[in-house]
Amino acid sequence: MAATVAPPQRRQRAPEISKGKTGSLGWLAVPALVFFIAFAIIPLAGVLVLSFTNWDGIGAITPAGIANWLSVFVDPGMYHALWLTFVVMIVSWLIQTPLSLLLGVFTAGSQKYRAILAVLYFLPLLLSSAAIAIAYKALLDPNFGLAAGLSMPILAQDWLGDPSLALGVVIFVIAWQFVPFHTLIYQGGVRQIPRSIYEAAEIDGAGRVKQFFFITVPQLKYTIITSSTLMTVGALTYFDLIFVLTAGGPGNATRILPLDMYLTGFRANLMGPASVIAVILVAIGLFLALFLQRLGGKDRTGSQLEGM
Amino acid sequence: MATTLTPAATERKETLPPSGIKLGSKLRRLNLPGGTAGWLWLAVTIVPIYYIVITSLKTQAGYFGQNPLAPPSSPTLENYKMVLEADFTRYFFNSVIITVGAVIPTLAVAFMASFAIVRGNGKFLKGVNALFLMGLAIPLQATIIPIYLMIIKMNLYDSLLAIILPSIAFAIPLSVLIMCNFIRDVPNELFESMRLDGCSEWQTMWRLALPLTKPAIVTVGIYNGLGVWNGFLLPLILTQSPELRVLPLGLWTFQGEFSVNIPAVLASVVLSTLPVVVLYIVGRRQLLSGLTAGFSK
């Protein structure tokens, strides 16, 4: 609570200290800015421009007007990919958020074994998506994989060959890879909740379940928003894992939008339509990020400092 | 720095064990669902990793003949030998080059930018900060086609530099976010006293801010390093020669070539992960405390 006094103080002092420093400090940000503009902002603008051109990736780039946009928007394949992207995004969120919240609260406890658990949880994050995909291909083999090892015939399915199962497998493997990371974020969030709030609640007779829903979850509001932003925007970048695991198949059962963009651009050599898909990806990403930020209120850093 | 950010944790550590059975037993009761999920998830995490490691030590015959979850009856390092002979070392060094080549410049430029954003003021720096924050939401995938075009135009296609440059750009936003969070925690009084001692902002940055931001720098370094080391898309699109393959790409092509030899494929998976695991063991505390501080604020 004492911290509520500190930020205004800091804010009052800051201008006085750094008055007249703008000119001398601004240049420090220039190298980072140059890199970022050159390889992120210009390409971002470039993809919009390219969406109005025809290019096969090698030859000349010719203007195409809105033809690519029309072709993408009448393509049922794009809508299918878009739908799959949202399915993966939403189902992943629904699975990963409660699980990592629960695990985060659990590992935030101070017993030694929980610290060890948290270390072990982290391991999947060290593997590259390509490595994970390759490992899961072997693991899911009905004859020589996990199913045979556990002698559970129910696990002996053609996981990656059956269109209805493959999407589930993709969502599961994504959870396997990323739940640890979000657990870590929640663990950090839980540790920042002042202990005194719980003590007060305990005195008031609130049980553990109540404490969880009325203290832990509300206190973790910003953590939930951060984690959800990374999770949902992240769903727009799941490329390598799916590319190696299923390559979008069987059929188009796991061809989500980022993969659709790659296959359209670099396999079918249709850079124009692929750029249209890329623009759609950016638009969804920015919309999601802004939407989730809004949920958290406008001045995030400020309000969080005060909440501490 | 990290400890100052988690007073609740240390406080709890002190009060929990001695202060008695009452609080402790209550905690245990609360965590029944958490505990169940915790141990279940441990199995979900560990079993695949266990499977990868033991299978990589099996012979082909052992792979086909044994229970897949049983430890190898006659462990062999043949698979590893085979992988190491199959250009693995080249992929490894390419990965080292792009990782070091991307991470060090990222740390340098992101640190300077973070210092400027926290310590300076004015519209320009506010704009820079806003731009980087927005950058967090730009998916790298979406910009890959123009990047491909630019890299071709710059005559960098099929070079390691082609992977390094975009990697730096896309690592900047998150690096700046985390470093800013740390620099903001440096008490203003310290900056003030540096100023009174007659230090310029440039000196203050290197002599005061840099040492105090070290945990964040290490964190960001490991995190970005992990990202570049495991990156797949940029090498896939921006390089072509087998001599320039990095590990994830090498794994993928290796898998295509040796798909009948699963133990060898999994040995290559283990080998590609090993350096990262070693680094993780060394820098674990730093990474975890830095990440929690960077994200949960």
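Please refer to the structure placed before this passage.
The structure presented is a predicted model; accordingly, all values stated were derived computationally and were not measured.

Caption draft 1: View of the overall build of chain A. Of the regular secondary structure elements, chain A holds 16 helices and two strands. Burial status across chain A gives 55% buried among its 308 residues. Restricting the contact set of chain A to residue pairs at least 6 apart, pairs at least 24 apart contribute 67%. Carbon and sulfur atoms provide 70% of the accessible area of chain A, an area that totals close to 13,000 Å².

Caption draft 2: Representation of the overall build of chain B in the model. Broken down by element type, chain B carries 14 helices and zero strands. The linear arrangement of helices and strands in chain B, starting from the amino end, is α-α-α-α-α-α-α-α-α-α-α-α-α-α. Taken across its 297 residues, chain B has 57% of its residues classed as buried. Long-range contacts, defined as pairs at least 24 residues apart, comprise 71% of the intrachain contacts of chain B with a sequence gap of at least 6.

Caption draft 3: Quick look at the pattern of salt bridges. Residues and elements named next belong to chain A. The tally for this structure, following the rule as stated, stands at three salt bridges over all chains. For Glu-202, the salt bridge identified is with Arg-208, shortest N-O distance 3.3 Å. Arg-208 carries the same exposure label as Glu-202, and that label is buried. The salt bridge partner of Asp-260 is Arg-255, with a shortest N-O separation of 2.7 Å. The class of Asp-260 is buried, set by a relative accessible area of 5%. By relative accessible area, which is 21% here, Arg-255 ends up partly exposed.

Caption draft 4: A nonpolar patch on the surface, seen in detail. Taken together, the side chains of Trp-27, Val-30 and Val-34 of chain A together with Phe-124, Trp-202 and Trp-206 of chain B define a hydrophobic patch exposed on the protein surface, amounting to about 580 Å² of accessible area. Looking at the nonpolar patch, the elements with two or more residues in it are helix H3 (30-50) of chain A together with helix H11 (201-229) of chain B. Counting through the fold element by element, Val-34 of chain A comes out in helix H3.

Caption draft 5: Local environment of H11 of chain B. Between its first and last C-alpha, H11 of chain B extends only 34 Å over 29 residues, short of the 42 Å set by a 1.5 Å rise per residue. Along H11 of chain B, the helix axis deviates most sharply at Lys-214 of chain B, where the bend reaches about 60 degrees; the proline Pro-215 of chain B sits within four residues downstream.

Caption draft 6: Spatial organisation of the side chain of Ser-129 of chain A. For Ser-129 of chain A, the location among the structural elements is in helix H7 (residues 129-139). Here Ser-129 of chain A is in contact with Gln-177, Asp-240 and Leu-241 of chain A, once residues within four sequence places are set aside.

Caption draft 7: Looking closely at the nonpolar core. Judged by nonpolar contacts, the single largest core of 162 residues is most densely connected at Leu-257 of chain A together with Phe-132 of chain B. Ranked by the residues each element gives to this core, the list is headed by helix H6 (residues 78-119) of chain B, at 16 residues. Here Leu-257 of chain A is in contact with Met-78, Ala-81, Leu-82, Thr-85, Ile-277, Ile-280, Leu-281 and Ile-284 of chain A, once residues within four sequence places are set aside.

Caption draft 8: Expanded view of the interface of chain B and chain A. In this assembly, 109 residues from chain B lie in contact with 110 residues from chain A. Between chain B and chain A, a total of about 10,000 Å² is buried, with carbon and sulfur atoms accounting for 76% of that surface. Summed over the shared surface of chain B and chain A, the result is zero salt bridges. Applying the counting rule to chain B against chain A returns 10 residue pairs in polar contact (both at pLDDT 80 or more). By residue class, the composition of the side of chain B that touches chain A is 77 nonpolar, 19 polar and 13 charged.

Caption draft 9: The arrangement of helix H13 (residues 247-257) of chain B in detail. Among the 11 residues of H13 of chain B, eight are classified as buried, and the element is accordingly described as predominantly covered. Along H13 of chain B, the positions that sit buried rather than exposed are Leu-247, Pro-248, Leu-249, Gly-250, Leu-251, Thr-253, Phe-254 and Gln-255 of chain B.

Caption draft 10: The packing of H6 of chain B against helix H9 (residues 160-184) of chain B, seen in detail. Residues and elements named next belong to chain B. One way to put it is that H6 packs onto H9 with a least axis distance of 6 Å and a crossing angle of 40 degrees. Regarding the angle of H6 to H9, the classification is oblique. In this structure, H6 crosses over H9, and the sense of that crossing is right-handed. Looking at the contact of H6 with H9 residue by residue, the class counts come to 22 nonpolar, six polar and one charged.

Caption draft 11: Molecular detail of the environment of Leu-165 of chain A. Residue and element names in this part refer to chain A. In this structure, Leu-165 sits in helix H9 (residues 163-191). It is 9.9 Å that separates the C-alpha atoms of Leu-165 and Thr-254, two residues lying 89 residues apart in sequence. In contact with Leu-165, not counting residues within four places along its chain, are Gln-157, Asp-158 and Trp-159.

Caption draft 12: Quick look at unusual backbone geometry. All names here are of chain A. At the junction of Gly-249 and Pro-250, the peptide bond is cis and its omega measures out at -5 degrees in the coordinates. For Ala-247, which is not glycine, the phi torsion reads 55 degrees and is therefore positive. With respect to the helices and strands, the residue Ala-247 is situated in the loop between helix H13 (240-245) and helix H14 (257-267). For Ala-247, a relative accessible area of 43% gives the class partly exposed.

About the criteria used
Residues numbered from 1 in each chain as written. Chains lettered and ligands numbered in written order. Predicted model: local features only at pLDDT ≥ 70, side-chain atom pairs only at ≥ 80, totals over all residues. Heavy atoms only, no water. Helix = DSSP H or I, 4+ residues; strand = E, 2+ residues; numbered from the N terminus. Buried < 20%, exposed > 50% of the residue type's maximum accessible area, 1.4 Å probe, protein only. Contact = heavy atoms within 4.5 Å. Areas by Shrake-Rupley, 256 points an atom, 1.4 Å probe, with all protein chains shown as cover. Salt bridge = Lys/Arg side-chain N within 4 Å of Asp/Glu carboxyl O. Patch = residues over 30% accessible without salt bridge, like charges linked within 9 Å, V, L, I, M, F, W, Y side chains within 5 Å. Expected span 1.5 Å × (residues − 1). Bend = angle between axes of the 7 residues up to and from the residue. Core = buried A, V, L, I, M, F, W, Y, C linked by side-chain atoms within 4.5 Å. Buried area = accessible area lost by both parts, 1.4 Å probe. Polar contact = N/O pair within 3.5 Å; in protein donor to acceptor, adjacent residues only side chain to side chain. Nonpolar A, V, L, I, M, F, W, Y, C, P; charged D, E, K, R; others polar. Axes fitted to C-alpha atoms, helices over the stretch in contact; angles between N-to-C directions. Parallel < 35°, antiparallel > 145°, perpendicular 65-115°, else oblique. Left-handed = near helix turned anticlockwise from the far one by under 90°.

These results come straight from atomic positions and should not be treated as a statement about function.
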